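Remarks on the overall topology
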Amino acid sequence: MIGQSPVLAGPDAAGGTLLEARGLTKHFPVGGTRFGGHGVVHAVDDISLSLPAGRITAIVGESGSGKSTLAKLLARLIRPTSGTLALDGRAIRARARAGRGYARRVQLVLQDPFASLNPIHDVRYHLVRPLKLHGIPGSAERGQHRSGALDQAVADLLGRVSLTPPDVFAAKYPHELSGGQRQRVAIARALAVEPAILLADEPVSMLDVSIRLGVLNLLGDLREREGLAIVYVTHDIASARYLADTIAVMYAGRIVETGPAAVVTDQPAHPYTQLLLSAAPDPDRGQPVTLRGRGAPPNLVTPPPGCRFHPRCPHAMLICSQAVPPMAHTGAGHASACWLHDAGLSAAQRAPLTVAAVRSTRSAPPSGAAAPQPPPPHPDDAAEPGKEA
Ligand SMILES: Nc1ncnc2c1ncn2[C@@H]1O[C@H](COP(=O)(O)OP(=O)(O)OP(=O)(O)O)[C@@H](O)[C@H]1O
Ligand code: SF4
Ligand SMILES: [Mg+2]
C-alpha cells in the first residue's frame, strides 16, 4: 500500500507487511536566502507505504523528486521531520537513531559501487566485516569453527549473487572487477546480515547498458528465491515496469500515482506519469502516450501550492493551484492524486488555469491567500477533465 496519507488499499501482500511508513516527511533546512531568511527543502512530504515480503516496489521519478531521501528515511540513515515507521508490526521511534537490529532487517545498496567499496581491501574483507559484526548465519547449526564458518559464509554470499568460483572472486580487489561485479559484491554485502528488506537506490544507473539487465535479474531472483521485499529506486520507468510488482511515481517530494506495474505503465492515470512514459518510449506498449507542456521540476524550497505539478500540467484547473489533490482509487490497487478524478468539482474549480495564472501561483503564499478568481477558458486548454491532451 502506497500513497500520501491516508494509506490506500493496495495489492494484497502475500507474505504480510514487513515495513510500514505513515506520513513520512523530510524537510532539509537550507541557509540564508538573498533576503537574509532561512528556508527548508520539501524533499519528502507525507508519504505512506507498506512493503510486503516477496514484492518489488519501484519508486520512480525525475532527478530531485525525493527518491533517495525516501530510501534513506526507510533505512533510517536520516531522521524524518515527521511521520512514523513500523517494522514487523512493531512501531519504532522513527526519530531515534537506528540500532543494529534495524540494520539487520533493512539494508540499503547505493548507486555507485566504486564509492561503496574500499579500494584497498579485497572482496572477502568487505563480506567478512558485516558477518563479524552481525553474526554468521547458520554457523552454530553447522558447528563450524569461526574461520571455517566465515569462509563458508563468504562463499555462500558470492554464490547467491552469481560470482563464481567464489574463492577467485573473494580474493579480488574492487579495481579488478567490472561495474556489474562490483554492484553484485555490494548486494552480497547487504545480504550478509540476512535482511528482510533491500533498498536499492539506482543500482544499475551507473552500469553499462549491457550489464544492467543481469543485475536487475539478480534482484528479481532474490525476490523469487529468498522472498526479499525490495525497493527499487529509479528514474527509468521502463526498467521499473520490467522488474517491479508495484510502481510508485514520485513528483516533487510526493507520491502521485501507485499501482501494479503493468497497470501504471499501460494505463497511466496521472498526467505526470503520462509525461514520464512519453519520455521513455516502450515498444511493448500499444499506444504511445503524448503530453503537452514539459517544463522543469519546481524549486522545493518554495514548491507550488496545490498540486505541485500544476505549472507543467496541460490539464491544470483552478483547483489544482489551490488544494493538494487527494489520492483517488482508479482501479484495483491503482490510485492517482489528481483533481481530474473528482467528478464533483464546480465549474469554477474546473476552469482551466492560464499561463498567467500559473505564473501568479508561483509567487503566491501557499496558505491563507485569497482565492483567485476563475480565469477565462483558454482555447488551448479546452480538453475535458479525464481526457488526455
Ligand atoms: N542533505 C540535504 N540538504 C538539503 N537538501 C537536500 C539534502 N539532500 C537532498 N536534498 C534536496 O532534496 C531534494 C530531493 O533530493 P533526492 O536526492 O532525494 O532526489 P532524487 O530523486 O534521489 O534525485 P536523483 O535522481 O538526482 O538522485 C532535492 O531538491 C535535493 O537537492
Ligand atoms: S490536472 Fe491538476 S491535479 Fe491533476 S496533475 Fe494536472 S495540475 Fe495536478
Ligand atoms: Mg537519488
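Given the structure is predicted, the values throughout are model-derived calculations rather than measurements.

1. Looking at the packing of aromatic side chains
Applying the stated rule across the entire model yields three aromatic pairs. Centre to centre, the rings of Y251 and F309 are 5.1 Å apart; their planes meet at 80 degrees, and the pair counts as edge-to-face. With a gap of 58 residues between them, Y251 in strand 10 (residues 246-251) and F309 in the loop between helix 12 (271-278) and strand 12 (327-331) connect regions that are remote in the sequence. The two residues Y251 and F309 agree in class, both being buried. An angle of 70 degrees between the planes, with centres 5.4 Å apart, marks the rings of Y272 and F309 as edge-to-face. Of this pair, Y272 sits in helix 12 while F309 sits in the loop between helix 12 and strand 12, placing them 37 residues apart in sequence. Here F309 falls in the buried class, since its relative accessible area comes to 1%. Chaining the aromatic ring pairs together yields one cluster made of Y251, Y272 and F309. The cationic tip of R76 hangs over the ring face of Y102; the distance from NZ or CZ to the ring centre is 4.7 Å. The ring of F169 has K172 sitting right over it, with the charged end atom 5.9 Å from the ring centre.

2. As for the confidence of the model for the protein
Residues with a pLDDT of 70 or more make up 79% of the protein, whose mean pLDDT is 84. Segment residues 5-14 is flagged for pLDDT under 50; beyond a separation of four residues in sequence, or across chains, it makes 22 contacts in the model. In the predicted structure, residues 288-292 sits below a pLDDT of 50 and forms 17 contacts with residues beyond four places in sequence or in another chain.

3. Remarks on the site of ligand 2
In the vicinity of ligand 2, the contacting residues are H270, P271, C307, F309, H310, C313, H315, C320, P325, C338, W339 and L340. For the shell around ligand 2, the residue count by class is nine nonpolar, three polar and no charged.

4. Things to note about the site of ligand 1
Every one of the 13 residues lining ligand 1 counts as a neighbour, but S63, G64, K67, S68 and T69 are closest to it. Between S65 and ligand 1, the recorded distance is 3.1 Å, taken from a backbone N or O atom to an oxygen atom. Starting from 640 Å² of accessible surface for ligand 1 in isolation, the protein chains cover 62%. Listing elements by their share of the shell around ligand 1, those giving two or more residues are strand 3 (39-52) and helix 1 (67-75). The greatest single-element share of the shell around ligand 1, amounting to three residues, is contributed by helix 1. Each residue belonging to the shell around ligand 1 can be placed in one class, and the counts come to four nonpolar, six polar and three charged.

5. Description of the sheet that holds strand 12
Spatially, eight strands are ordered 7-8-9-4-10-11-13-12 in an open sheet, and the strand pairing comes out mixed. Of all strands in the sheet, those bounded by a partner on one side alone are strand 7 (106-109) and strand 12. With strand direction ignored, the average angle separating the axes of adjacent strands in the sheet is 20 degrees.

Procedures and definitions
- Residues numbered from 1 in each chain as written.
- Chains lettered and ligands numbered in written order.
- Predicted model: local features only at pLDDT ≥ 70, side-chain atom pairs only at ≥ 80, totals over all residues.
- Heavy atoms only, no water.
- Phe/Tyr/Trp six-rings, centres within 6.5 Å; stacked < 30°, edge-to-face > 60°.
- Helix = DSSP H or I, 4+ residues; strand = E, 2+ residues; numbered from the N terminus.
- Buried < 20%, exposed > 50% of the residue type's maximum accessible area, 1.4 Å probe, protein only.
- Lys NZ or Arg CZ within 6 Å of the ring centre and 35° of its normal.
- pLDDT = per-residue confidence, 0-100.
- Contact = heavy atoms within 4.5 Å.
- Near = heavy atom within 4 Å.
- Nonpolar A, V, L, I, M, F, W, Y, C, P; charged D, E, K, R; others polar.
- Polar contact = N/O pair within 3.5 Å; in protein donor to acceptor, adjacent residues only side chain to side chain.
- Areas by Shrake-Rupley, 256 points an atom, 1.4 Å probe, with all protein chains shown as cover.
- Pairing = 2+ DSSP bridges.
- Axes fitted to C-alpha atoms, helices over the stretch in contact; angles between N-to-C directions.

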